Structures are given as structure tokens and as C-alpha cells.
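# Chain and residue survey
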Amino acid sequence: MDVNYAGVLIGREQTAQRGRHAAERPGLSMAAAQAPAVGALPARLTTDQQYHLLSRFSFGPSSASLSQLARLGPAAWWDGQVALGRRYPIYSAHPRIAAAGPLLNRSPAQVRASQKAAGNEYSWEMMDQLTLVTLGLQAFSPAQLYETVVDFFANHLNVSNHADDQTWIRQTMDRDVVRRYAFGRFSDMLVASARNPSMLRYLNLADSTKQLVNENYGRELLELHTVGLAARYSEVDVKNSAKILTGRTVDDNGNYVYRPEIHWTGAVRVLGFSAANTRAAEGQAAGDAYLRYLAQHPSTASHLAQKLCVRFVSDAPSPALVAAVAKTYLANGTSILPTLKAIFTSQEFWRSRHAKTRRPAENLIASMRILDVTPAPDIRKALDGMHWMTANMSNAPLDWVPPNGYPDVAPAWRSSSNFLTLLMLHRGLAQNWWNDIVLAPKNTALYGRTKPATSGAAIALLCTRLVGNPLTPAKRGVLQTFLGEPASTPLAQSRLRWYLDHLVPLILDGPDHALR
């Protein structure tokens with residue numbers, strides 16, 4: 001088998017592999033035939049569909065989330081996840097994880113004072129806590145839909161964590177912008193981001209004045225945050241985009257402040273927006289109106305819809321789906337949840353099983369969730385360990401340096417180094433190498449209540465439990481060859497008595513787990 005990272009076939013090979021999945025895997029053709037019409041959901045899901053849903057709108061299935069989804073059905077699962085995200089906003093869905101980030105709920109001045117009192121005013125401790133809590137919530141929070149939406153918009157409005165100019169302020173972007181509005185309106189999130197000290201410093205808006213206009217934020221606002229390059233805005237548009245937002249800066253305590261004396265005044269026009277902008281005192285309101293105009297622009301709807309479909313459906317979603325999602329976004333006043341629901345209820349979503357590659361960190365977290373691991377008692381040490389694992393694959397949350405967020409298509413993650421690292425991590429998790437970081441149940445628990453009778457039945461059961469389907473006979477034959485015994489071997493006499501801890505990571509190494 002030709003494989004790249006973690007068993008993933010890239011480009012044309014990946015497409016061919018997905019075709020083979022569809023043709024080979026029992027039940028998939030039936031699942032596709034049962035894919036719902038737009039706006040509808042199947043009342044009951046096949047096992048494969050359950051794994052599909054939980055691999056897209058959560059960070060991977062666990063035994064608990066699978067049971068919950070089977071009990072509720074997809075519609076009630078969605079409603080329950082929305083309710084959880086609203087009931088436990090920001091970091092509160094998992095108090096033990098939240099306790100690992102005491103600085104995240106503090107103001108910039110309070111963070112600075114706390115770190116100074118601890119002996120290092122310029123420590124990266126708060127930014128470390130942000131990474132740790134983000135990772136912990138992705139892996140262990142029950143509010144998984146909320147975390148997937150937070151992850152999307154944290155990348156869409158990316159501000160690189162772990163930078164000197166973010167030492168006391170980076171938590172404000174995560175807490176007050178992305179997490180606050182993840183289930184709200186994108187227009188509100190965008191306005192909040194343009195008043196956020198972390199964003200203003202990252203993209204230099206804090207340094208932009210009427211005497212020296214810095215175009216960085218105004219340009220990225222158009223290219224990345226809203227309308228995108230397809231809107232064909234001009235260089236004059238970029239300059240005006242920067243001018244109308246001058247006056248927004250950061251004070252010595254790390255707080256956002258609007259200073260009329262540095263606001264550029266004069267008429268501006270960007271795409272279809274125009275403002276006389278004659279009074280500096282009204283410059284902030286003019287800028288907010290400009291931001292809301294951009295958030296509701298049809299090109300922003302198309303740009304966001306494309307990115308959402310790439311995240312939740314496939315690397316190349318159909319124009320028809322993107323148009324339908326963009327239409328929903330505009331019809332609902334930029335509300336995020338109805339926009340996502342349009343994807344969730346589309347036929348294309350339900351037919352896109354295995355059309356996405358897991359990023360390295362997603363693969364790690366999905367492995368932890370499907371093995372039902374729990375964090376070790378020392379939560380800081382546990383989360384530090386997870387940070388080490390993701391950083392080794394250059395995929396620690398929030399640490400992408402450029403403003404465009406982590407890449408979200410398969411070719412970006414073609415890496416033999418990450419592939420080998422994931423092989424090591426799969427074994428470490430399945431064999432409990434790091435019991436000071438995470439604790440995994442014995443792999444015999446994967447059999448469930450009734451042990452299979454034979455070696456072959458055990459392989460089929462384990463594959464279904466770990467990746468959502470029993471794999472093809474050919475793939476099961478490879479695993480049987482690894483055991484070196486016939487499929488009819490009674491379990492009591494099988495080499496699984498000694499090799500189970502080696503077979504489990506071998507299943508996770510394959511493409512059925514690397515693809516989501």
C-alpha cells in the first residue's frame with residue numbers, strides 16, 4: 001500500500017482510495033443511498049454515519065459520545081450540543097481543564113501583575129495555559145460542537161500564540177472574541193476582533209495612525225477575514241480599508257482604546273461601502289459600520305461558506321453546496337449556527353465520509369477519544385504532555401504564525417516525520433507508555449460486554465470499534481497475517497492474548513483512522 005502521512009493517500013491517490021472505501025466497505029453504499037435531502041436528517045444512523053458525524057462536528061468519537069448519539073439520533077444530538085455550548089460557554093464545560101488556565105479569565109494588567117509577582121513579568125505562562133486548556137477541551141470537553149466551531153474561527157481570525165507582543169493579551173482574543181461569539185453572529189465577532197488588543201497588535205492596527213497608516217490589518221481584513229480575493233478589491237480599497245480603522249489602538253495596560261486624535265478623516269469608499277468620515281470623534285462608529293457591511297457582503301458569505309465546507313465536508317466541496325450555505329448565512333443575518341446546520345443537513349455532508357484528512361493534532365486527539373483515555377491526576381502535567389505531542393508535529397493549537405490559520409487540506413500535511421510520530425503516539429497511547437499524562441483502559445475493554453469467539457471475529461469487532469467499520473476482507477487478512485494464525489482460531493488460544501496491545505495501534509495507523 002502506498003502511504004504518506006499516517007496512511008493517508010494524497011491527491012489523486014486519496015481520491016482513488018476514497019472510491020475504494022465506498023466500493024469495498026460494507027454498509028457504505030447503503031449509507032449513501034440513505035443520505036438525507038437538504039434540511040432533513042435520518043432518524044437513525046448506521047455505525048459508519050455515527051463515526052462520520054462525530055469525526056466532523058466533534059474531535060472524534062468516544063464510547064460515551066457514540067452511545068449518546070445512538071440514543072438521541074442526530075437531530076437531538078445537535079440540539080443537545082448547542083444547549084451544552086450555551087450553558088457552559090468559554091472554558092466552563094470541563095472545570096478540571098479550566099482550572100489549568102487561571103490566567104485566562106484575567107485582564108491583561110492582571111496577567112502582567114501575576115506573572116511579575118511570580119518572578120517573570122515577561123513569562124509565556126499565560127500563553128502556555130491557553131494552549132493547554134485549548135488542547136484539553138478539544139480532547140475531553142463534552143461540548144464538542146462548541147470546540148469545533150471555536151477551532152474553526154480561531155484559525156479564520158488567526159492570531160499566533162506564543163509571541164512577545166502577546167504576552168499578557170492573547171487570552172482576550174480567544175475568550176472575548178472567538179469563544180464569546182462562536183454560537184452567535186459573525187458580524188459581532190468581526191467587530192469584536194477589530195477592537196481586540198491581541199488582534200490589533202498582531203496585525204499592526206494598534207500602530208496605524210493618520211500620519212502613518214499601516215495597511216496590514218486593512219488588507220488581511222479584506223483578504224482573509226471577509227470578502228476574499230475573489231471580490232476583486234483594488235489597492236485603493238485596501239488603503240481606504242486601513243484609513244477608516246485608524247484610531248484603534250492599545251493602551252499601556254493592554255486594553256483596547258479608540259483615540260480620535262490619530263484617526264484619519266476624509267471620505268472613504270471600499271467596494272460598495274462609503275462614508276464621509278468627517279469627524280474623528282465618530283471614526284470608531286464609521287469603522288464599525290464598515291465592518292458590519294463587510295460581514296454581510298455576499299463575497300464574505302461565499303468566502304466563509306467555502307471555508308466552512310472545506311472544514312466540515314471535503315477539500316473540494318461542490319459550488320452548489322457552498323452557494324446554499326452562503327445563502328443561509330445571509331438569510332440569517334450572519335448567524336453561525338444556522339449556517340453550520342445547512343452543512344449538517346446536506347446530502348453532500350452525509351456522503352463525504354473519509355473525504356477529509358485529520359491534521360496531526362486531530363489524529364492524536366481522535367486516537368485519545370476512541371481509546372477512551374482520561375487525563376492523569378496531575379492535570380498540568382497531563383496537558384503539558386499533550387502540548388509536547390502536538391508541538392512535535394508542528395500542530396499545537398493556536399501556534400500557526402501567518403494570519404491565514406492552519407492549512408485545512410490534505411497536501412499541506414504530507415510529512416513522513418509526522419507519519420512516524422503518529423505511529424509512535426498510537427503505540428504510546430494504546431500501550432499506556434505515558435501514564436503520567438493520560439490513562440487508557442485495558443485494550444480488552446474494546447471487546448465490550450461479549451468477547452468474540454474467534455481471532456477473525458475479534459479483528460472485525462476491533463476495527464468496527466476503532467474506525468467505525470469492519471474493514472474489507474483484504475485489510476482484515478493483513479491484520480490476520482500480522483497475528484500469524486487463521487481467522488477461525490478460538491480467542492482463548494489466539495495470539496491476541498499477547499498481541500492485542502500491538503494490533504490496536506496497527507489499526508489506528510491505517511487510512512480508515514487517518515481520514516475523517
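Residues numbered from 1 in each chain as written. Predicted model: local features only at pLDDT ≥ 70, side-chain atom pairs only at ≥ 80, totals over all residues. Heavy atoms only, no water.

## Overview of the overall build of the protein
A count of helical and extended segments in the protein gives 26 helices and six strands. Taking 516 residues into account, the globule formula puts the C-alpha radius of gyration at 24 Å, and the protein, at 24 Å, falls close to it. Judged by the C-alpha coordinates and their principal axes, the protein covers about 85 × 55 × 40 Å. Relative to its 516 residues, the protein shows a buried fraction of 58%. Taking contacts inside the protein between residues at least 6 apart in sequence as the whole, the part at least 24 apart equals 74%. Accessible surface for the protein amounts to roughly 20000 Å². Of this, 55% is attributable to carbon and sulfur atoms. In the protein, 53 positive and 39 negative side-chain charges are present, and the distance between their average locations comes to 7 Å. (Helix = DSSP H or I, 4+ residues; strand = E, 2+ residues; numbered from the N terminus. Rg over C-alpha atoms; globule rule 2.2 N^0.38 Å. Buried < 20%, exposed > 50% of the residue type's maximum accessible area, 1.4 Å probe, protein only. Contact = heavy atoms within 4.5 Å. Areas by Shrake-Rupley, 256 points an atom, 1.4 Å probe, with all protein chains shown as cover. Lys, Arg positive; Asp, Glu negative; His and termini not counted. Charge placed at Lys NZ, Arg CZ, Asp CG, Glu CD.)

## So, a nonpolar patch on the surface
Together, Phe482, Trp498 and Tyr499 line one region of the surface with nonpolar side chains, adding up to about 330 Å² of accessible area. Following the sequence through the fold, tryptophan 498 ends up in helix α25 (residues 496-509). The class of tryptophan 498 is exposed, set by a relative accessible area of 55%. (Patch = residues over 30% accessible without salt bridge, like charges linked within 9 Å, V, L, I, M, F, W, Y side chains within 5 Å. Salt bridge = Lys/Arg side-chain N within 4 Å of Asp/Glu carboxyl O.)

## Considering the layout of surface pockets
If you add up the space inside the second largest pocket, you get close to 290 Å³. In terms of lining residues, the second largest pocket is bounded by 19 residues, among which Ser62, Ala64, Ser141, Pro142 and Arg369 are the most central. Secondary structure elements with two or more residues in the lining of the second largest pocket: α4 (63-72), α5 (74-87), α8 (125-140) and α20 (360-370). Here the lining of the second largest pocket is built from residues that sort into nine nonpolar, eight polar and two charged. (1 Å grid on protein atoms, 1.4 Å probe; cavity = no way out; pocket = protein on both sides within 12 Å on 5 of 7 lines; lining within 4 Å. Points joined across faces, edges and corners; volume = space filled by probe spheres on them. Nonpolar A, V, L, I, M, F, W, Y, C, P; charged D, E, K, R; others polar.)

## What to know about the pattern of salt bridges
A side chain with one charge can pair with a side chain of the opposite charge if their charged atoms come near. Taken as a whole, this structure holds 26 salt bridges when the rule is applied. Residue arginine 380 pairs with glutamate 125 through a salt bridge whose shortest N-O separation is 2.8 Å. In this pair, arginine 380 is assigned in helix α21 (residues 379-391) and glutamate 125 in helix α8, connecting sequence segments 255 residues apart. According to the relative accessible area criterion, arginine 380 is partly exposed, its value standing at 27%. Residue arginine 465 is joined to aspartate 372 by a salt bridge in which the shortest nitrogen-to-oxygen separation is 3.0 Å. Residue arginine 465 is found in helix α23 (residues 455-467), and its partner aspartate 372 is found in the loop between α20 and β5 (374-375); the two are separated by 93 residues along the sequence.

## Some thoughts on the packing of aromatic side chains
A full pass over the atoms with the stated rule returns 19 aromatic pairs. Ring geometry for phenylalanine 273 versus tyrosine 293: centroids 5.7 Å apart, planes at 45°, classification tilted. Residue phenylalanine 273 is located in strand β4 (residues 273-275), and its partner tyrosine 293 is located in helix α15 (residues 283-295); the two are separated by 20 residues in the primary sequence. Following the ring pairs from residue to residue traces out a cluster consisting of Phe57, Trp78, Phe312, Phe344, Phe349 and Trp350. (Phe/Tyr/Trp six-rings, centres within 6.5 Å; stacked < 30°, edge-to-face > 60°.)

## Examining the side chain of arginine 56
Structurally, arginine 56 is set in helix α3 (residues 47-56). As a buried residue without a salt bridge, arginine 56 has its nearest oppositely charged side chain in aspartate 315, at a separation of 8.3 Å. A distance of 2.5 Å separates a polar side-chain atom of arginine 56 from the backbone oxygen of serine 352. Ignoring sequence-local partners within four residues, the contact set of arginine 56 consists of Thr148, Phe312, Val313, Phe349, Ser352, Arg353, His354, Ala355, Lys356 and Arg516. (Polar contact = N/O pair within 3.5 Å; in protein donor to acceptor, adjacent residues only side chain to side chain.)

## Here's the deal with helix α16 (residues 298-312)
Spanning 15 residues, α16 covers 21 Å between terminal C-alpha atoms, matching the ideal 21 Å at 1.5 Å per step. Within α16, eleven of the 15 residues are buried, leaving the element largely enclosed by the surrounding structure. Those residues of α16 not exposed but buried are Ser299, Thr300, Ala301, His303, Leu304, Ala305, Leu308, Cys309, Val310, Arg311 and Phe312. (Expected span 1.5 Å × (residues − 1).)

## Some remarks on unusual backbone geometry
Trans is the common state for peptide bonds, and a negative phi is the common state for residues other than glycine. One non-glycine residue, isoleucine 90, adopts positive backbone phi at about 55°. Its identity as a non-glycine residue notwithstanding, asparagine 277 has a phi of 50°, on the positive side. With respect to the element layout, asparagine 277 can be found in the loop between β4 and α15.

## Structural notes on the nonpolar core
Of all hydrophobic cores here, the largest spans 135 residues; its most connected members are Phe57 and Leu371. Of all the elements, α8 adds the most residues to this core, at nine residues. Non-local contacts of leucine 371, meaning those with residues more than four positions away in its chain, are made with Leu429, Ala430, Pro441, Asn443, Leu446, Leu466, Val504 and Leu508. (Core = buried A, V, L, I, M, F, W, Y, C linked by side-chain atoms within 4.5 Å.)

## Considerations on the confidence of the model for the protein
Of all residues in the protein, 92% have pLDDT values of 70 or greater, and the mean over the chain is 92. Overall, residues 1-37 carries pLDDT values under 50, and its contacts beyond four positions in sequence, including any with other chains, amount to 76 contacts. (pLDDT = per-residue confidence, 0-100.)

## With respect to empty space enclosed by the protein
Leftover empty space is mapped by rolling, across the atoms, a probe with the size of a water molecule. Evaluated as defined, the whole model comprises six cavities of 30 Å³ or more. Taken as a whole, the largest cavity holds about 140 Å³ of empty space. Elements represented by at least two residues in the lining of the largest cavity include exactly α8, α9 (144-156) and α20.

## Some thoughts on the packing of helix α13 (residues 216-225) against α15
At a closest axis distance of 11 Å, the pairing of α13 and α15 adopts a crossing angle of 25°. Accordingly, the angle class assigned to the pair α13 and α15 is roughly parallel. Between α13, through Tyr217, Leu221 and Leu222, and α15, the contact on the second element is made entirely by Tyr290, Leu291 and Leu294. (Axes fitted to C-alpha atoms, helices over the stretch in contact; angles between N-to-C directions. Parallel < 35°, antiparallel > 145°, perpendicular 65-115°, else oblique.)

## Some details on α23
With 13 residues, α23 ought to run about 18 Å at 1.5 Å a step, and its terminal C-alpha atoms sit 18 Å apart, in line with that. Packing partners of the buried residues in α23 comprise α3, α4, α20, α24 (473-483), α25 and α26 (511-514). Following α23 by one or two positions, glycine 468 adopts a phi angle in the positive range, close to 95°.

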